Structure formats: C-alpha cells, structure tokens
Amino acid sequence: MIKISGLKKVYQSDIGDVTALEDVNLDIRRGEVFGIIGSSGAGKSTLIRCINLLEKPSAGKIEIAGQDITELSGKELILLRRSLGMIFQHFNLLMQQTVADNVAFPLEIARVPRTEIATRVQELLKLVGLSEKAGAYPAQLSGGQKQRVAIARALANNPKVLLCDEATSALDALTTKSILALLKDINEKLGLTIVLITHQIEVVKEICDRVAVIEKNRIVETGRVVDILTKPKTACTKNLVGGDLFEKIPKERILFDGPQDDKRRLKVTFTGEAAMKPLISYMILEFRIYANILFADINYLKEAVVGELVLELTGARDAVDDAVRYLKGQNLIVEELER
Ligand SMILES: Nc1ncnc2c1ncn2[C@@H]1O[C@H](COP(=O)(O)OP(=O)(O)OP(=O)(O)O)[C@@H](O)[C@H]1O
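Owing to the predicted nature of the structure, the values given are computational and were not obtained by experimental measurement.

Below, the discussion takes up the overall build of the chain. Helix and strand counts for the chain stand at 12 helices and 14 strands. For the chain, the spread of C-alpha atoms along the principal axes amounts to about 80 × 50 × 35 Å. Burial statistics for the chain: of 339 residues in total, 50% are counted as buried. The contacts in the chain between residues at least 6 apart in sequence include a share of 69% that link residues at least 24 apart. Carbon and sulfur atoms form 49% of the exposed surface of the chain, whose accessible area is close to 17000 Å². Positive and negative charge centroids in the chain, built from 46 and 45 side chains respectively, lie 4 Å apart.

Spelled out as structure tokens, the structure:
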C-alpha cells in the first residue's frame, strides 16, 4: 500500500542543514495498523509529514498504491491529500465553527453537493459517537471528543489511509484507550490502512499489527509487535518497549549482594501457547523448589499474548539448576538476572 525507499529529508535552517531522515525504507500493507515509534527528535513527524507531502522529501521514493507521489503537484497533489486523512496531537479544529461544520469543511473544499454533505456529516458523527454534539463548538468538548471530531473530519472524503501524528499524546490514559478502540473499529469496519507515529509503547501494544522503530533519523528495526516486544534487537528498542526491568522493580529487589548457590533469579518472557500452560506450577512440583514471583505482567496484543515474569527460585542447588534447565527447554525466553 505504502512503499518507502531510500527516503531522505534534510531541513535547511539558519544553523545549517539538519538531516531529519536518512535512508528510510518501509513497506506498509493495505489494511494494517502500522506504528512508527521513536523518542523525541528521532524523525517521526517528518516521516509522517513526508507521506502526505506536507514535507517534500530531499531524496527517495514514496509509492502509494503503486504511484510514486514525490513528483506530484497541482491537481494530482490535491487528489492525493484527499485520499490520505490525517489527525494530530492537538486536534487542529476550527474553533469558531461547530462540530458539524468542522466535519463538513473538507467536503465543501471537495465541492460535494450540500445535501450530500449533510447526510455524510451525520453518518460520520454517528461513526465516532458524537451525533448529539453536531451543534457544539470545539471549546465545549473534552480532548477525547475533539479528537473524535478530528477523526470524523479526516474520514470525510473516504481516504484510503489515515495518518495519525501522536494522536493520543495529549489525552489521559482512559481517553487514549477509547480513541484507540475507535481507530481499531474504523480499521476493521472500513478496512482503512492506519499509520500512526507515537512515543508511547502502550499505543503500539493496543492496536498495531506491525511497528517500525526509528532512532536518530533511521529505521533501526521493523516487525510484528509481538517480536519487537519479546526479541528487541537494539538497545533503543529495548528502552522503548520497557525492557529495562529496573524501571519496574527496585534494583535491590532483583540483584544479589554476593554469590548465592541455592538461589537464581530469572526473567521469563512467554508468548503463544506457552502462555496457556501451567509451566511454573509443573516446575515447582516436579523439582520441589520454591518460586517467588517478584514481578508479573501480561500484555494482550492484537494477535498475541505476551507475559513477563521475574522469578526467584530457591531450594537444593541441583534442583534449582534442573528447574532452570527445564524452563530453558520450554518455548520461553529465559534470561538470568546476574548470579
Ligand atoms: N522545520 C524544521 N527545520 C529544521 N529542523 C527541523 C525542522 N523540523 C524538524 N527538524 C529537526 O529534524 C529532526 C527530526 O524532527 P521530528 O520533529 O521529525 O522528530 P520527532 O521524532 O517527531 O520528535 P518529537 O517527538 O519531539 O516531535 C530534529 O532534529 C528536529 O530538530
């Protein structure tokens, strides 16, 4: 659906050239929810703005549905923009216009007949759950409601792709969940391809099928969300996915003061079928050891369940060793936390 090859973007500024993107290659499939995650300044906004030519790439190719868009101008560019909806962190609504007028705006620009506009606005407001707010002004709405209006407006011209620029970053956790649920619903109902950029891993876990990690203007890895979470390849990805256990548990709880023969501490990550099996209970009974759970977390991703456990195993030394060997032989990712 969207194929990006060798994309480069250099900004000319007073302090000289700033390279915001370097050799970016991505292949985003039709109908998927694709996340681009990275920390501040990594190049996320530049990348999403290049996809709809709000920024002109310095080099490289962006193909949408087989058409190279980088050379488009005039009428073709207008038509391209119409086929790509976009929502923003701060909603960008017209504050002096009602909700209905905000949603009608892109339809008016596209010269859709008035009677059709009224029907379409009603449909869109129904889709985002805001039918009762048609006559309200943005200032009378909550952040979540404003983003719903922005989503309705972005969908007005039946785009093929919805681009989301940090769309939930200004919202609280509960509202974020409801907006993500709406995006998921729209993706499923309309088969719309969604590309979203974010610095929040929670957003990726909640709705993305695949994700690309961007660091210092380059894509450092791309993959299924479950793979990025369980097998991050770079230190940057580890940081972004919360691989640093010490952010979750106080360091002194999981590191030993000195060598301990009869104790081992493990971080166990499990996914797929392994998540459904009572492996820990089996291990305790079979090897007659104690397992103290220091930390446990489970993520329900779109297509997988990923669990994380930090265990302290104690008992007779051989038994503990056997238990660790047993766990390592299962379909689990087992990491020893310093012995
Ligand atoms: N108009 C501009 N002129 C010059 N440099 C720019 C411009 N816009 C962005 N940059 C620079 O390009 C780099 C990438 O910025 P970009 O906004 O794309 O990153 P980001 O990942 O979206 O960051 P954030 O999450 O903080 O918004 C940064 O070094 C930034 O300072």
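Further notes follow.
As a packed pair, helix 3 (residues 99-109) and helix 5 (residues 143-155) sit with axes 7 Å apart at the nearest point and diverge in direction by 30 degrees. Classified by the angle their axes make, helix 3 and helix 5 are roughly parallel. Between helix 3 and helix 5 lies a crossing of right-handed hand. Mapping the contact onto sequence places V99, N102, V103 and P106 in helix 3 and V149, A152 and R153 in helix 5. The class makeup of the residues in the contact of helix 3 with helix 5 is five nonpolar, one polar and one charged.

Attention now moves to the environment of V24. Positionally, V24 belongs in strand 2 (residues 16-28). Linking V24 and D101, residues 77 residues apart in sequence, is a C-alpha distance of 38 Å. Among all residues touching V24, those that are not within four sequence positions of it are I4, S5, G6, L7, L47, N217 and I219.

We now examine the state of the cysteines. Tallied over the entire structure, the rule returns zero disulfides. With no disulfide of its own, C50 lies closest to C164 among cysteine sulfurs, the gap being 17 Å. Taking the relative accessible area as the measure of exposure, C50 reaches 0% and is therefore buried. For the unlinked cysteine C236, the closest cysteine sulfur is that of C208, found at 16 Å. Taking relative accessible area as the criterion, C236 reaches 11% and is therefore assigned buried.

With that settled, consider the site of the ligand. Taken together, the residues surrounding the ligand are Y11, V18, A20, S39, S40, G41, A42, G43, K44, S45 and T46. Within the contact set of the ligand, an oxygen atom lies 2.8 Å away from a backbone nitrogen or oxygen of G41. In the environment of the ligand, an oxygen atom lies 2.9 Å from a nitrogen or oxygen atom belonging to the backbone of G43. Those elements that place two or more of their residues in the shell around the ligand are strand 2 and helix 1 (44-51). It is helix 1 that contributes the most residues to the shell around the ligand, three residues altogether.

The next subject is the sheet that holds strand 5 (residues 67-68). Strand order in the open sheet formed by four strands is 2-1-4-5, and the pairing between neighbours is antiparallel. If you trace the sheet from one side to the other, it starts and ends with strand 2 and strand 5, each paired once. Bridging between strand 1 (residues 2-13) and strand 4 (residues 59-64) involves five bridges; their strand directions are antiparallel. Each bridged residue has a counterpart across the sheet, and for I4 the counterpart in strand 4 is I62. In the packing of helix 1 onto the sheet, the strands contacted are strand 1, strand 2 and strand 4, and the crossing angle to strand 1 comes to about 115 degrees.

Conventions adopted
Residues numbered from 1 in each chain as written. Predicted model: local features only at pLDDT ≥ 70, side-chain atom pairs only at ≥ 80, totals over all residues. Heavy atoms only, no water. Helix = DSSP H or I, 4+ residues; strand = E, 2+ residues; numbered from the N terminus. Buried < 20%, exposed > 50% of the residue type's maximum accessible area, 1.4 Å probe, protein only. Contact = heavy atoms within 4.5 Å. Areas by Shrake-Rupley, 256 points an atom, 1.4 Å probe, with all protein chains shown as cover. Lys, Arg positive; Asp, Glu negative; His and termini not counted. Charge placed at Lys NZ, Arg CZ, Asp CG, Glu CD. Axes fitted to C-alpha atoms, helices over the stretch in contact; angles between N-to-C directions. Parallel < 35°, antiparallel > 145°, perpendicular 65-115°, else oblique. Left-handed = near helix turned anticlockwise from the far one by under 90°. Nonpolar A, V, L, I, M, F, W, Y, C, P; charged D, E, K, R; others polar. Disulfide = S-S within 2.5 Å. Near = heavy atom within 4 Å. Polar contact = N/O pair within 3.5 Å; in protein donor to acceptor, adjacent residues only side chain to side chain. Pairing = 2+ DSSP bridges.

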